[in-house]
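Results of the structural survey
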Amino acid sequence: MRQATVVVIGGGATGVGILRDLSMRGVKTILVEQKDLAYGTSSRFHGLLHSGGRYAVKDAESAQECIEENMILRKVARHAVEETEGLFVRLPEDDEAFEAAWVTACAQVNIPAIPITPAEARRLEPQLSGRAVAAYRVPDSAIDGFRLVWQNVISARKYGGEALTYTEVTAIEHVNNQVVGVKVRNTLTGQTGSIACDYIVNATGSWVGQVAHLAGVDVHVSPDRGVLIAFNHRFTSRIVNRLRPPSDGDIFVPHGSITIFGTTSSPATRPDDTIPRAAEVATLLKIGQPLFEDIYHYRILRTFAGTRPLYSADPAAGRAASRNFTIIDHEQDGLKGMATIVGGKLTTYRLMAEKMADKVCEHLGVMAECRTAAEPMIADAAAADIEAARRFFPAYGVDRAASRLGPKFPEVVKAMETDPAKRQLLCECEMVTLAEVEAMAADDTSYSLEDVRRKTRMGMGTCQGAFCGFRGVGAAAANELITGKDAPRLIEDFLEARWNGIRPVLWGNQLREAELMRGIYAAALNIDGAVDHENK
Ligand SMILES: Cc1cc2nc3c(=O)[nH]c(=O)nc-3n(C[C@H](O)[C@H](O)[C@H](O)COP(=O)(O)OP(=O)(O)OC[C@H]3O[C@@H](n4cnc5c(N)ncnc54)[C@H](O)[C@@H]3O)c2cc1C
């Protein structure tokens, strides 16, 4: 049996933030995640590091938290943040009175909202509608959820924190109303085990109700579903928000080489009710067109959906329910040593983790202060490593790889230096080399090519795995990077995960690309088994 002082359940931003915070305060903490890190909503969102502008009118407290955390994360999580800046843009049909209220509300919580002319907005963002009547610059940024989560874990490990992936909590054990541990099951092998602990934090987002139930307590959370569309190019270089009360389809976020647009709000059937429907995509496009009039001509890469863990007594409240976070100490339910944290936003995950860690430390009698707002998660790469890397990486790949790899960067550069074969570029869109794939596949939390994909972004660029999928699988099979699965199985899993997001948008150029992919994999590699092996 393993032992920890605290078990954190849930490997999304909130859970890893708590793992990092407690580990930095010297508390022995183990995090357990039922799938891969960032399997839940923390990888199924716009990727907007809010300036707070979106909440300024309706929820000043949230807006203030956002602007403060935005400024902190730009420093401590700078390798996961792209400082794009943002625009709020009003169209003629949007309420003018709301614009005035918004300007006042932003000023009240110190969100810098700088007015610019519609012509200036169009100069900055040429694809923007010519019908815009007002525009403001705000300090929005883009944030990479996978990388943020992963880099929190890397940082926590430095302080003794541990993250166990594919480890589902199946029972919460307590004696005399005091928590004593959790029972776990490996979701890949079925193997069971337990972890003894003094305190449990339930940070399972939309799943908090189910996990609380394991302890015999009730937490009412209504998962609220939001659909997002990823386009194959960066048609805006800044985040663009529609200046109106928050509603569907009003945020466009550039990320690397792509743009993400969303979202919707409707009750979800389950926490992982995340496969979009074609009708939802069609509705979103219609709503988005007034801001970007050519939207129907842009090629969609894929769609995806996430569920918001809205803590509300009224499951039908949707966007009207609070986005604020809540910490529930289950001592109020007669169970000592367990708390649930629910709600909030990814932008405020660090603050949520700090408040939760304060509570745990108070319970344990630990006096150490929170340091997550001051200490960067990942140190900048050394100049000598960057210089060495320039000799082997493709021109634009060096800084990206340094940001992605963090402390593993020198090891990867060294591998490329000593063995030229490791310099092979497996993914051209995201510039991922064999050396990087090998380093990430070797991590304790990598069990499949999908796990490697999330850490490296291989297959997440404009070709969506069409050209890099088989290279990645080939490299994984040839170098025995992923054990327990043969090459055809690896490629099937990889393509199936991509297919879930492509299927709802099969028209026009998306359909053409899907056919190309089918040609490559089905016809050339016989992945669909259409060629009878006897006669092949
Ligand atoms: C469509 C959409 C767009 C959004 N856009 C933004 C945005 O642009 N900016 C922003 O700041 N916020 C945004 N949000 C909100 C933000 O994404 C979430 O608030 C945040 O990601 C929640 O993180 P979390 O760690 O609490 O939950 P999650 O990321 O869902 O993590 C919970 C984890 O718990 C795990 N788990 C569940 N049960 C168990 C178990 N029994 N054992 C072990 N593990 C378990 C799950 O697998 C999951 O990985 C958006 C949300 C949605 C839905």
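Above this text sits the structure in question.
This write-up is about the structure you can find in this document. Since this is a predicted model, take the numbers as computed values, not measurements.

**Some details on the overall build of the protein**
What the protein contains, in helices and strands, is 16 helices and 24 strands. The C-alpha atoms of the protein give a radius of gyration of 23 Å, which matches the 24 Å a tight globule of 536 residues would have. Overall size of the protein, expressed as C-alpha extent along the three principal axes, is 70 × 65 × 50 Å. Every one of the 536 residues in the protein was classed for burial, and the buried ones make up 58%. When the accessible surface of the protein is totalled, it reaches about 21,500 Å², and 52% of it is carbon and sulfur. Within the protein, one finds 60 positive and 67 negative side-chain charges whose respective centroids are separated by 2 Å.

**As for the pattern of salt bridges**
Applying the stated rule across the entire model yields 46 salt bridges. Residue Arg147 pairs with Asp144 through a salt bridge whose shortest N-O separation is 3.9 Å. Among the ionic pairs, Asp419 bridges to Lys422, the shortest N-O distance being 3.8 Å. You can call Asp419 partly exposed: its relative accessible area is 28%.

**Focus: the pairing of strand 15 (residues 221–231)**
Counting buried positions along strand 15 gives eleven out of eleven residues, so the element sits mostly inside the fold. Burial of the side chains of strand 15 extends over both faces: Val221, Pro223, Arg225, Val227, Ile229 and Phe231 are buried on one face and Ser222, Asp224, Gly226, Leu228 and Ala230 on the other. Two strands pair when backbone bridges link them, and strand 15 and strand 20 (residues 300–311) are joined in this way by eleven bridges, in the antiparallel orientation. When the sheet's bridge partners are listed, Phe231 is paired in strand 20 with Ile300. Pairing of strand 15 with strand 19 (residues 266–267), which is carried by two bridges, proceeds in the antiparallel orientation. By the bridge assignment for strand 19, Arg225 is matched with Ser266.

**Some remarks on empty space enclosed by the protein**
For the structure shown, the criterion picks out five cavities of 30 Å³ or more. Taken as a whole, the largest cavity holds about 80 Å³ of empty space. Within the residue set of the lining of the largest cavity, elements represented by two or more residues are strand 20 and helix 16 (508–524). The element contributing the most residues to the lining of the largest cavity is helix 16, with four residues. Considering only residue class, the lining of the largest cavity consists of six nonpolar, two polar and two charged.

**Points about the sheet that holds strand 13 (residues 192–196)**
Across the sheet, which stays open at both edges, the four strands sit in the order 1-13-12-11 with mixed pairing between neighbours. Bordering the open sheet on either side are strand 1 (2–3) and strand 11 (167–175), each of which pairs with just one other strand. Of the pairings in the sheet, the one linking strand 1 to strand 13 comprises two bridges and is parallel in character. When the sheet's bridge partners are listed, Arg2 is paired in strand 13 with Ile195.

**Regarding the sheet that holds strand 5 (residues 81–82)**
Read from one edge of the open sheet, three strands run 4-9-5, paired in antiparallel fashion. Lying at the two open borders of the sheet, with one neighbouring strand each, are strand 4 (48–49) and strand 5. Looking at chain direction, strand 5 and strand 9 (residues 141–143) are connected through two bridges and run antiparallel. Across the sheet, the residue bridging to Val81 is Ile143, located in strand 9. Contacting strand 4, strand 5 and strand 9, helix 2 (residues 60–76) crosses the sheet at an angle of about 60° to strand 9.

**Focus on the pairing of strand 13**
Summarising the sheet, strand 12 (residues 178–186) and strand 13 pair through five bridges and their orientation is antiparallel. What sits directly across from Gly181, in strand 13, is Ala196. Hairpin connection of strand 12 to strand 13: five residues between the antiparallel strands, including Gly190 at a positive phi of 85°.

**Section: helix 14 (residues 469–478)**
Within the span of helix 14, buried status applies to Gly469, Gly472, Val473, Ala475 and Ala476. For helix 14, the angular spread of the buried residues around the axis is 160°, confining them to a single face. Where helix 14 is buried, its residues touch strand 23 (425–427), helix 12 (434–441), helix 13 (449–456), helix 15 (487–502) and helix 16. Just downstream of helix 14 lies Glu480, where phi reads positive at about 50°.

**What to know about the environment of Arg244**
Relative to the elements of secondary structure, Arg244 occurs in the loop between strand 16 (239–242) and strand 17 (251–255). Taking C-alpha positions, Arg244 is 9.0 Å from Leu91, a pair spaced 153 residues apart along the chain. Look past the residues within four positions of Arg244 in its chain and what remains in contact with it is Asp94, Phe98, Gly249, Asp250 and Ile287. In terms of polar contacts, Arg244 uses its side chain to reach the backbone carbonyl oxygen of Asp248, at 3.0 Å.

Cut-off values and rules
- Residues numbered from 1 in each chain as written.
- Predicted model: local features only at pLDDT ≥ 70, side-chain atom pairs only at ≥ 80, totals over all residues.
- Heavy atoms only, no water.
- Helix = DSSP H or I, 4+ residues; strand = E, 2+ residues; numbered from the N terminus.
- Rg over C-alpha atoms; globule rule 2.2 N^0.38 Å.
- Buried < 20%, exposed > 50% of the residue type's maximum accessible area, 1.4 Å probe, protein only.
- Areas by Shrake-Rupley, 256 points an atom, 1.4 Å probe, with all protein chains shown as cover.
- Lys, Arg positive; Asp, Glu negative; His and termini not counted.
- Charge placed at Lys NZ, Arg CZ, Asp CG, Glu CD.
- Salt bridge = Lys/Arg side-chain N within 4 Å of Asp/Glu carboxyl O.
- Pairing = 2+ DSSP bridges.
- 1 Å grid on protein atoms, 1.4 Å probe; cavity = no way out; pocket = protein on both sides within 12 Å on 5 of 7 lines; lining within 4 Å.
- Points joined across faces, edges and corners; volume = space filled by probe spheres on them.
- Nonpolar A, V, L, I, M, F, W, Y, C, P; charged D, E, K, R; others polar.
- Contact = heavy atoms within 4.5 Å.
- Axes fitted to C-alpha atoms, helices over the stretch in contact; angles between N-to-C directions.
- Arc of directions from axis to C-beta.
- Polar contact = N/O pair within 3.5 Å; in protein donor to acceptor, adjacent residues only side chain to side chain.

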